[in-house]
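These are the residues of each chain, in order.
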Amino acid sequence: MTALEALPPSDGRPELVVLRAIKLGDLLVAVPALHAIRRAFPDHRISLATTAWLAPVVELIPDVDVHLAQQGFDHPIGVPAGVTDVAVNLHGAGPESQDLVDALGARLVIAHGGAEGPAWEHGPVNERERWAGLLTAHGYAADADDVAITRPVEPPVVEGAAVVHVGAFHGARHWPVDRFAEVVRGLQERGFHVVLTGGSADVERAAAVADAVGLAPGAVLAGVLDLQPFAAVVAAARLVVTVDTGAAHLASAYGIPSVVLFGPAPPESWGPPATGPHIVLTDASVRRGDVFAEDPDPAILAVHAADVLGAVDELGVAPDLRTTATTDR
């Protein structure tokens, strides 16, 4: 699915436009709400206005028919006024996002506030529950744990691996390289085939972990995979170890056992579903809470490699002795 600048010609269905223009994890916590929207409006064409680079993942959300490129609030949503039947604000409750939604001139607006919508809840609120609750409050039943997305069609470059995701957008969520290395050693001792993932900015961190434990170059996938191949690797994994980032939400979406390390953000808001095979590690008592800080939050530094390996053991995941790689990277 390609991110479009403007709504394509009508296909005869009523138009429904959803605004959710942030990053990967932010998109994935809105999936339960998107599922509810599709159930509630099965005959509408659903357009999702979100960040253009998320196109490979938007393609994996079957509820979405059209991806409209929306880079923040500096331009209107690419839909002419007056053609939208239903507009949904899954972005926030502030004037910036609501002005964009109001400009669509929709017959029905689903949003926080106003005469029909629920009040915006401040403080630690589970984000999946926030957006599922918005739909439920408007009369459209939503399940906050309904997080599943489609698996990519292309096979993963490796199956049955323990995926250790070493990166994050901001330094506040970084966990020390030497602790990642210790976790990788422990996973190898338990019989897991380990691969390291991350974005292009995480290549050096991944290389440092690989060098410390003697991983083969082909096990370093940081900076190599586009979003959909990355999703495929997570979907085929035995286990995911990651900080609080998009990799954690992908593990939730595919029901893959995960150990998630939290730093500045509260797991009460961003943690995985309690019903899934996931364990959260953090220390809220020392949390600084500055998500844009360049140095790691004390809450994530309070987590040690032994804690992670203990959580892996608690999950009871056995290594896949048939682990295969489909590439010679």
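Starting from 1, residues in each chain are numbered consecutively following that chain's sequence as written. In keeping with the predicted nature of the model, local features appear solely for residues at pLDDT of at least 70, side-chain atom pairs appear and are counted solely at 80 or more, and the whole-chain, interface and lining totals rest on all residues. For side-chain calculations, the full set of non-hydrogen atoms in the structure is used, while hydrogens and water are omitted.

Draft legend 1. The arrangement of the sheet that holds strand E9 (residues 194-197) in detail. With parallel pairing, the five strands of this open sheet are ordered in space as E9-E8-E10-E11-E12. The open sheet terminates on both sides in strands that have one partner only, identified here as E9 and strand E12 (278-281). With direction set aside, neighbouring strand axes in the sheet form an average angle of 15°. By the bridge criterion, four bridges tie strand E11 (residues 258-261) to E12 in an arrangement that is parallel. Note that in E12 the partner of Leu261 across the bridge is Leu281. On the sheet, helix H6 (residues 177-189) packs against strand E8 (162-165), E9 and strand E10 (239-243) and is oriented at approximately 180° with respect to E8. A pair of strands is considered paired only if DSSP assigns at least 2 bridges between the two. Counting from the N terminus, the helices are DSSP H or I runs at least four residues long and the strands are E runs at least two residues long. Fitting a line to C-alpha atoms yields each axis, with helices limited to the stretch in contact; the angle taken between N-to-C directions then spans 0 to 180 degrees. By definition, residues are in contact when any of their heavy atoms lie within 4.5 Å.

Draft legend 2. Empty space enclosed by the protein, seen in detail. Whether a set of points on the 1 Å grid over the protein atoms alone is a cavity depends on a 1.4 Å probe fitting there but being unable to get out, while an open set qualifies as a pocket with protein on both sides within 12 Å along at least five of seven lines; lining residues are those with an atom within 4 Å of a point. Grid points are joined across faces, edges and corners, and a volume is the space filled by probe spheres set on the points. Taken as a whole and assessed by the stated rule, the structure comprises two cavities of 30 Å³ or more. Put simply, the largest cavity is a space of about 60 Å³. Along its surface, the largest cavity is lined by Leu28, Val29, Val31, Arg128, Val147, His249, Ser252, Ala253, Gly271, Pro272 and Pro273. Ranked by the residues each element gives to the lining of the largest cavity, the list is headed by helix H9 (residues 246-253), at three residues. For the second largest cavity, the calculated volume is near 30 Å³. As for the second largest cavity, its lining consists of Asp244, Ala248, His249, Ser252, Val260, Phe262, Trp270, Gly271 and Pro272. Here the element with the most residues in the lining of the second largest cavity is H9; it accounts for three residues. Class assignment for the residues of the lining of the second largest cavity results in five nonpolar, three polar and one charged. Residue type decides the class: Asp, Glu, Lys and Arg count as charged, Ala, Val, Leu, Ile, Met, Phe, Trp, Tyr, Cys and Pro as nonpolar, and the leftover types, Gly among them, as polar.

Draft legend 3. How the structure looks around the pattern of salt bridges. Whenever Lys or Arg places a side-chain nitrogen within 4 Å of a carboxyl oxygen from Asp or Glu, that contact is recorded as a salt bridge. Counted by the stated rule, this structure contains 10 salt bridges. One salt bridge connects Arg13 with Asp11, and the closest N-O pair in it is separated by 2.7 Å. Note on Arg13: relative accessible area 28%, which makes it partly exposed. Between Asp65 and Arg13 there is a salt bridge; the shortest N-O distance is 3.5 Å. Note that Asp65 is positioned in the loop between helix H3 (55-58) and strand E4 (66-69) and Arg13 in the loop between strand E1 (3-4) and strand E2 (15-19), a separation of 52 residues in sequence. Within this structure, Asp11, Arg13, Arg38 and Asp65 form a network of salt bridges that share partners. Accessible area is worked out with a 1.4 Å probe on protein chains only. A residue is then buried under 20% of its type maximum, exposed over 50%, and partly exposed in between.

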